[in-house]
Amino acid sequence: MFINYFKTAWRNLKNNKLYSFVNIIGLTIGIACCILIGLYVGHEWSYDRFHSNAGRIVRITMEYSNGGTVGKYAQTGTKVGPQLKRTFPSVDAFVRTFKYPRVINYRNKVFNEKNFLYADSDFFRVFSFRLVKGNPASVLNAPHKLVITESMANKYFGKEDPVGKTLIIANSDNYIVTGIVQDAPTNSQMNFDFLGSFTSLDDSKTEDWWTANDITYLLLNRADQTPQLQQQVASYMKNPNVRKEARLEGSDYLTYHLEPLKEVHLYSTLDGFEPNGNITYIYIMGAIAVLILVIACANYTNLATAQSAGRSGEIGIRKVLGAGRTQLFTQHMGESGLLSFIAMLLAIGLSIILLPVFNQLSGKSFTSDLFFQPVSLISLLLLGLITSHLAGFYPAFVLSNANLAGILKSGFSFTSSGGGLRKSLIILQFVISVFLIISTIIIMQQLSYIQHKKLGFDRDHIVVLPVDYQMHRNYDAIKKAISLNPHIISVAGANQNPTFVHWGDGIQVDNGKEKKSLPVNCIPADMDFVRTMGMQLIAGTDFSMADMKGMDTSDNNKNYRYTYILNESAVRAIGWNPQEAIGKTIQKDLPGNVKAVVKDFHFSSLHQPISPLIIFLDTQYTSQLFVKISSEDIAGTLNYLQTVWKERVPYRPFEYHFLDEDYNALYKVEMRTSKLFGYFSTAAILLACLGLFALAAFTTVQRTKEIGIRKVLGASILNIAGLLSYDFLKLVLIAEILAFPLAWWGMHRWLQDFAYRININAWVFVSAGLLAIVIAMITISFQAIKAALSNPVESLRST
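Now for a look at the structure at hand. Along each chain, residue indices are assigned from 1 in the same order as the chain's sequence is written. For this predicted model, a pLDDT threshold of at least 70 governs which residues receive local features, and a threshold of 80 or more governs which side-chain atom pairs are given and counted, while totals over whole chains, interfaces and linings are taken from all residues. Excluding hydrogens and water, the side-chain values take into account all heavy atoms of the structure.

**A word on the overall build of the chain**
Right, so step 1: Across its full length, the chain holds 27 helices and 24 strands.
Right, so step 2: Three labels apply to residues, based on accessible area from a 1.4 Å probe with only protein chains included: buried if under 20% of the type maximum, exposed if over 50%, partly exposed otherwise in between. Looking at the chain residue by residue over its 799 residues, the buried ones come to 52%.
Right, so step 3: By the convention used here, residues are in contact when the closest approach between their heavy atoms is within 4.5 Å. Here the analysis covers contacts within the chain between residues at least 6 apart in sequence; of these, 79% occur between residues at least 24 apart.
Right, so step 4: The protein chains shown are the only cover counted for residues, whose accessible areas, like all others here, come from Shrake-Rupley with a 1.4 Å probe. For the chain, the accessible surface area stands at approximately 36,200 Å², while carbon and sulfur atoms represent 58% of it. Helix numbers and strand numbers start at the N terminus; a helix is a DSSP run of H or I with at least 4 residues, a strand a run of E with at least 2.

Okay, here's the thing in C-alpha cells:
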C-alpha cells in the first residue's frame, strides 16, 4: 500500500512539474532560512550555559545616585565580591575579573595581546573552562601566575611544554605559566587568551567600593537564592555604617544588582567584556523564521487545493474501490511528506553552501559539522515533520473528505475547494511581506541616521595608537616626532576614547544657591585633545601651556590645580549658563577652574542620552594617542607612523585602528541584525511572489474557456490582463491595509530603544505599498499577458 502511495505521489510530482518545482523550491528556501536563523538564535541563546554552575552564578552590577543623577555600570569596585562573601552565607565564592591589554615578550617575540584577563583564584571553581594542565586550586593563587590557552601555548611555545616557563609582561614583570586551558567557546562572554592572577594587580591590595574597574561574579550555594540575596544586598547597602564607609550623604545611594549569568548576554543593558546581544532581536529573528516557513507552507496549501480539480477522477476511483478517509488522508499526507523530505535534503545542502556567507553576515563561525550532531539531527527531523504537517494537513483533509457523489457528478471544483482559504493565505503572505518591507526600510533609515549623525566631534581620518606607562617617559618627544609629517594635522592623547567614555566620577560645586554633588563622566586629556577631535567650544578658551604649568606636583601637590572643560549638560545640571561657568571653581579630587564649555557631543551609544561630562587636563592617565591625518596618501602616512613607532617604541609591535571603527563597534549587533533582517525579508518576499506566480498560472488555466469567450466577444488584451490581475491586486491592497498599522506599531516600539531616533514618515508606507503592488503586478503579468495573447479558437477547442 505504501509503495503504491509513493508511486502515485512521484507520478503526481512528474505530471505537475511547475507546481512541484514551486513547492519544492519554496519549501527548500523556507526550511533553509529556518535552519540558518535557528543556528543564530540557538547560539545566542546558549551563551554561558555550558558552565556546570551556570544556574548558580550571578554577575554583580553597580548603581549609584549622586546629586540626583543615577549611574549604572557593569563594573564594580574591588570590595564588593569579598565583602558579600564575608557577609552572606548564601555566597559560596566570588571572582573579580579585569581585562587589560598587555605587551608580552618571550625569546624576542613581542606581541600586543588584547585578551589578557586577570581573575581571582577561585576562577576555575566557579567557571567550567577546561584546564588541560595545572591544578585548578593553585594556578592563580599567588601573584604573577599565568594560565594560557592552547592557542597561545602553540603561538609562543610550539611543541614545548609551557608550564614553568616565564613570560615577560609589559616589559617589566615576569609571570610563570602555571596551566593551560582550552580556548574559550564562541558562546562565552569571557573570551581570553591569557589569565593572570588578580593578586598581581595593585588594586588587589586594597578594597574599595568605588574603584569601578572589575566585573565581579558570585557563586551561590543554590540557584533559588538569587531573589533573597538581592533583597539582602539592597538592605545591607542602606546600613548607616556602610553608607559612611562609602562616603554617601543625604539622598545619595550606592547599591548592587544580581544578574543571573545565563541572562546577561541577552537581557542585560550593561555591556561587560563585549557588547551584549538583545532578546528583542532574537524574538524578531525567530518570528521571521516562522513567517518564512508559514509563507512556504501557505504556497503548498494554496497550490495543492488549487490542483484538486485535476485529481477528481483519481479520488473518485479510489473511493469507488473502497478507499476510506483515513487512507486518502494518509496518501496525501505522504505526498506532503515526500515533498518536505526532498526539500529538507536540498535545504541542508543549501544551508551548508551559504554557511560562509551567513557567518560573515552574522559574525559567527559555524561549521557544517553542526548539522550532523545528534541535537541538530533531531531538530531537523522535527522541523521536517512540522513543515510536512503544516503544509499538507489542510489539502489532505479537504481531498479525503470530498463527497463521492459530488465528485462523480461535477468533479472537484476549483472554486468550491478552499477559495476563501486561498485568498486568506495570499493576504497573509503579503501582510508578512509588506510588514517586512516597511520594517527593513525603517531599520535601514535608523542605522543610516546613526552612521551619518553629527556627533559633536570628528571621527574621520583619526588613527588611534596605544599608550602604556613606559611611553609616558618620552610622551612629548613621541608626539613631536609624529607631528613632523606634513600629512599629520594634529596629535592628542587621552585616557578615554570619545566614542565611548566609561570613566565615571563625581564633582562637588557651589552654584551660588546651593552646594551640589554631581556624577560625571571624565576624559583626562592633554592640551591638544579638543582641537584634534574637532570639538566646538561655545564659551571660554582651550587648554594652554599656562594650564599645564599650573599642574604643580611639588610640595605634595599643595599648589596643584586642575583645569576643566565642561559639556553643556554638566553646566545645565549645575545650574549655570555657559558664559557664567567660565572661571568658576569645581572640585573632583582636587579643586580646579572651569576654562571652557564644549558643545554637547555623543560619548556613548545613541541608545543613551548625553549626560554630564568633564574634560580635565592630565597626561599621567593617557592610554591612547589620537592622530588626525590628511585624506591624502593615507598609506604613506601610516608607513611613517610605523617608522616612528619602531624608533621610539621598539619594545612593542605597531598596532593601530581608526576611530570610526570604535564608533561602528557600538552598533555591531544592530548592523548585523539589520543585514540578516534584510536578506531574510527578501527571501520572504521572493517566496510570496513564487506562490503568487504559480497560483496565477493555475487560475489562468482554469479560466481558459472564459478568456476565449471574452476574446471572441471583443475583449482587448488590456481588458483580459486587467481581469486576471484585479482579483489578486485586490488581495494585495487588503494585505497592505492590515500590514501598515502592524508595521508602524512594531517599528515604533523598536525605535524607543534609541534616545536619538528618526521619525516614521508616511512616505515609507506609501513606498512599501507601491513596491508590493509593483512586485505583485510583475509576478502576475506574465501569466495574464500570456493568457490574453492566446488564440481563442485553441482555448475553446481544448476545453
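**Quick word on the packing of helix α15 (residues 475-483) against helix α21 (residues 634-648)**
Axis angle and axis distance: for two packed helices, these are the angle between their axes and the distance between the axes, and together they describe the pair.
Right, so step 1: All axes are obtained by fitting lines to C-alpha atoms, using only the stretch in contact for helices, and the reported angles, taken between N-to-C directions, cover 0 to 180 degrees. Contact geometry for α15 and α21: axes closest at 10 Å, N-to-C directions at 150°. Here α21 runs roughly antiparallel to α15, going by the angle between their axes. Crossing angle aside, the handedness with which α15 passes α21 is right-handed. Two secondary-structure elements touch here, α15 through Ala477, Ile478, Ala481 and Ile482 and α21 through Tyr640, Leu641, Val644 and Arg648.
Right, so step 2: Grouping the constituent residues of the contact of α15 with α21 by class yields seven nonpolar, no polar and one charged. Any angle between 65 and 115 degrees counts as roughly perpendicular, while under 35 counts as roughly parallel, over 145 as roughly antiparallel, and the rest as oblique. We call a crossing left-handed when the near helix sits turned anticlockwise from the far one by less than a right angle, and right-handed when that turn is clockwise. Under the scheme applied here, ten amino acids are nonpolar (Ala, Val, Leu, Ile, Met, Phe, Trp, Tyr, Cys and Pro), four are charged (Asp, Glu, Lys and Arg), and all others, including Gly, are polar.

**A closer look at the pairing of strand β12 (residues 215-220)**
Right, so step 1: Taking burial as the measure, the six residues of β12 include six buried ones, the bulk of the element.
Right, so step 2: The side-chain alternation of β12 yields two buried faces, one formed by Ile215, Tyr217 and Leu219 and the other by Thr216, Leu218 and Leu220.
Right, so step 3: Between any two strands, pairing holds if DSSP finds at least two bridges. Relative to β12, strand β3 (residues 91-99) runs antiparallel, the two sharing six bridges. Its bridge partner being in β12, threonine 97 is matched across the sheet by isoleucine 215.

**Some words on the pattern of salt bridges**
Right, so step 1: Only one rule defines a salt bridge in this text: a Lys or Arg side-chain nitrogen within 4 Å of an Asp or Glu carboxyl oxygen. According to the stated counting rule, one finds 22 salt bridges in the structure shown.
Right, so step 2: A salt bridge links glutamate 259 to arginine 59; the nearest nitrogen and oxygen atoms lie 2.8 Å apart. Note that glutamate 259 is positioned in strand β13 (residues 253-260) and arginine 59 in strand β1 (residues 57-66), a separation of 200 residues in sequence. The exposure classification of glutamate 259 matches that of arginine 59, with both residues buried.
Right, so step 3: The shortest N-O distance in the salt bridge between aspartate 547 and lysine 595 comes to 2.6 Å. Taken together, the residues aspartate 547 in helix α17 (residues 545-549) and lysine 595 in strand β21 (residues 591-598) connect sequence positions 48 residues apart.

**Here's the deal with the packing of aromatic side chains**
Right, so step 1: What counts as a ring pair is set by centres within 6.5 Å for rings of Phe, Tyr and Trp (its six-membered ring), and what kind of pair is set by the plane angle: stacked under 30 degrees, edge-to-face over 60, tilted for all other angles. Going through the model one piece at a time under the given rule, you end up with 32 aromatic pairs.
Right, so step 2: Ring centres of phenylalanine 116 and tyrosine 118 lie 5.0 Å apart, and the angle between their planes is 50°; this geometry places the pair in the tilted category. Each member of the pair, phenylalanine 116 together with tyrosine 118, is buried.
Right, so step 3: For the pair phenylalanine 601 and phenylalanine 603, a centre-to-centre distance of 6.1 Å together with 65° between the ring planes defines the contact as edge-to-face. Each member of the pair, phenylalanine 601 together with phenylalanine 603, is buried.
Right, so step 4: For a lysine, the NZ atom is tested; for an arginine, the CZ atom; a charge sits over a ring if that atom is within 6 Å of the ring centre and within 35 degrees of the ring normal. Over the ring of phenylalanine 111 we find lysine 155; its NZ or CZ atom is 4.1 Å from the centre of that ring.
Right, so step 5: Between lysine 584 and the ring centre of tryptophan 576, over which it is positioned, the NZ or CZ distance is 5.8 Å.

**Re the environment of threonine 78**
Right, so step 1: For threonine 78, the position within the fold is in the loop between β2 (69-73) and α3 (80-87).
Right, so step 2: A C-alpha to C-alpha distance of 7.2 Å links threonine 78 and aspartate 203, two positions 125 residues apart in sequence.
Right, so step 3: For threonine 78, the residues in contact, after removing those within four places along its chain, are Arg96, Asp203, Thr206, Glu207, Asp208, Thr211 and Asp214.
Right, so step 4: Nitrogen and oxygen atoms within 3.5 Å of one another constitute a polar contact, given that in protein one can donate a hydrogen and the other can accept it, and given that sequence-neighbouring residues count only through two side-chain atoms. Reaching out from threonine 78, the side chain makes a polar contact with the backbone nitrogen of aspartate 208 at a distance of 2.9 Å.

**Points about the pairing of strand β4 (residues 102-106)**
Right, so step 1: Across the five residues that make up β4, a large majority, five, are buried.
Right, so step 2: Residues Arg102, Ile104 and Tyr106 line one face of β4 and the alternating positions Val103 and Asn105 line the opposite face, and both faces are buried.
Right, so step 3: Here β4 runs beside strand β5 (residues 109-113); their pairing, made up of five bridges, is antiparallel. Counterpart to valine 103 in the pairing with β5 is asparagine 112.
Right, so step 4: Once β4 ends, the chain turns through two residues before running back antiparallel as β5, passing arginine 107 with a positive phi of about 50°.
Right, so step 5: Sheet topology note: the β4/strand β9 (residues 166-169) ladder contains two bridges and is antiparallel. Among the inter-strand pairings, isoleucine 104 is bridged to a residue of β9, identified as isoleucine 169.

**Here's the deal with unusual backbone geometry**
Right, so step 1: A positive phi angle is found at aspartate 48, which is not glycine, with a value near 65°.
Right, so step 2: Inspection of the secondary structure assignment puts aspartate 48 in the loop between α2 (17-45) and β1.
Right, so step 3: In this structure, histidine 144 is a non-glycine residue whose phi angle is positive, near 65°.
Right, so step 4: Among the secondary structure elements, histidine 144 is positioned in the loop between β7 (131-133) and β8 (145-149).
Right, so step 5: We classify histidine 144 as partly exposed; its relative accessible area is 30%.

**Structural notes on helix α6 (residues 226-236)**
Spacing of three or four residues puts side chains on the same side of an α-helix, whose turn is 3.6 residues.
Right, so step 1: Every buried residue of α6 is accounted for by Thr226, Leu229, Val233 and Tyr236. Considered in projection along α6, the buried side chains sweep an arc of 85° and stay on one side of the axis. Residues of α6 that are exposed and point more than 90 degrees away from the buried face comprise Pro227 and Gln231. Read the arc as the range of directions from the helix axis to the C-beta atoms.

**Quick look at the environment of leucine 117**
Right, so step 1: Tracing the chain through its elements places leucine 117 in strand β6 (residues 116-119).
Right, so step 2: Under the relative-accessibility criterion, leucine 117 is labelled buried at 2%.
Right, so step 3: Leucine 117 sits 80 residues away from serine 197 along the chain, and the two C-alpha atoms are 8.7 Å apart.
Right, so step 4: Excluding anything up to four places from it in sequence, leucine 117 contacts Thr97, Phe98, Lys99, Met190, Phe192, Phe194, Leu195, Gly196 and Phe273.

**As for the side chain of asparagine 495**
Right, so step 1: Tracing the sequence through the fold places asparagine 495 in the loop between β15 (488-494) and β16 (504-510).
Right, so step 2: A relative accessible area of 16% means that asparagine 495 is categorised as buried.
Right, so step 3: Among residues more than four places away in sequence, those in contact with asparagine 495 are Trp503, Pro524, Tyr621, Thr622, Ser623 and Gln624.

**Points about the nonpolar core**
Right, so step 1: Only buried residues count toward a nonpolar core. Its members are Ala, Val, Leu, Ile, Met, Phe, Trp, Tyr and Cys residues joined through side-chain atoms within 4.5 Å. With 113 residues, the main nonpolar core has Ile523, Phe529, Met535, Ile615 and Phe680 as its most contacted residues.
Right, so step 2: Looking at which element gives the most residues to this core, the answer is helix α23 (residues 668-702), with 14 residues.
Right, so step 3: Each residue touching phenylalanine 529, except ones within four places of it in the same chain, is listed here: Ala492, Gly493, Ala494, Pro498, Ile523, Met535, Ile615 and Phe626.
Right, so step 4: Ranked by size, the runner-up nonpolar core spans 24 residues in total, among them Phe123, Tyr217, Leu261 and Phe273.

**A few points about the state of the cysteines**
Right, so step 1: When the sulfur atoms of two cysteines come within 2.5 Å, that pair is taken as a disulfide. All chains considered together, the criterion is met by zero disulfides.
Right, so step 2: For the unlinked cysteine cysteine 34, the closest cysteine sulfur is that of cysteine 33, found at 7.1 Å.

**Details of the environment of isoleucine 215**
Right, so step 1: Looking at the secondary structure, you find isoleucine 215 in strand β12.
Right, so step 2: A sequence separation of 140 residues divides isoleucine 215 from glutamine 75, and the C-alpha atoms of the two residues are 4.8 Å apart.
Right, so step 3: Excluding anything up to four places from it in sequence, isoleucine 215 contacts Arg59, Ala74, Gln75, Val95, Arg96, Thr97, Gly272 and Phe273.

**Examining a nonpolar patch on the surface**
Right, so step 1: Distance thresholds for patches are 9 Å for like charges and 5 Å for nonpolar side chains (Val, Leu, Ile, Met, Phe, Trp, Tyr), applied to residues having over 30% relative accessible area and no salt bridge. A surface patch of nonpolar side chains, amounting to about 580 Å² of accessible area, comprises Ile378, Leu381, Leu382, Leu385, Ile386 and Leu390.
Right, so step 2: Tracing the backbone through its elements, the reader meets isoleucine 386 in helix α12 (residues 374-400).

**Comments concerning the side chain of aspartate 528**
Right, so step 1: Structurally, the position occupied by aspartate 528 is in the loop between β17 (515-525) and α16 (529-533).
Right, so step 2: Owing to a relative accessible area of 17%, aspartate 528 belongs among the buried residues under this scheme.
Right, so step 3: A polar atom in the side chain of aspartate 528 sits 3.1 Å from the side chain of arginine 531.

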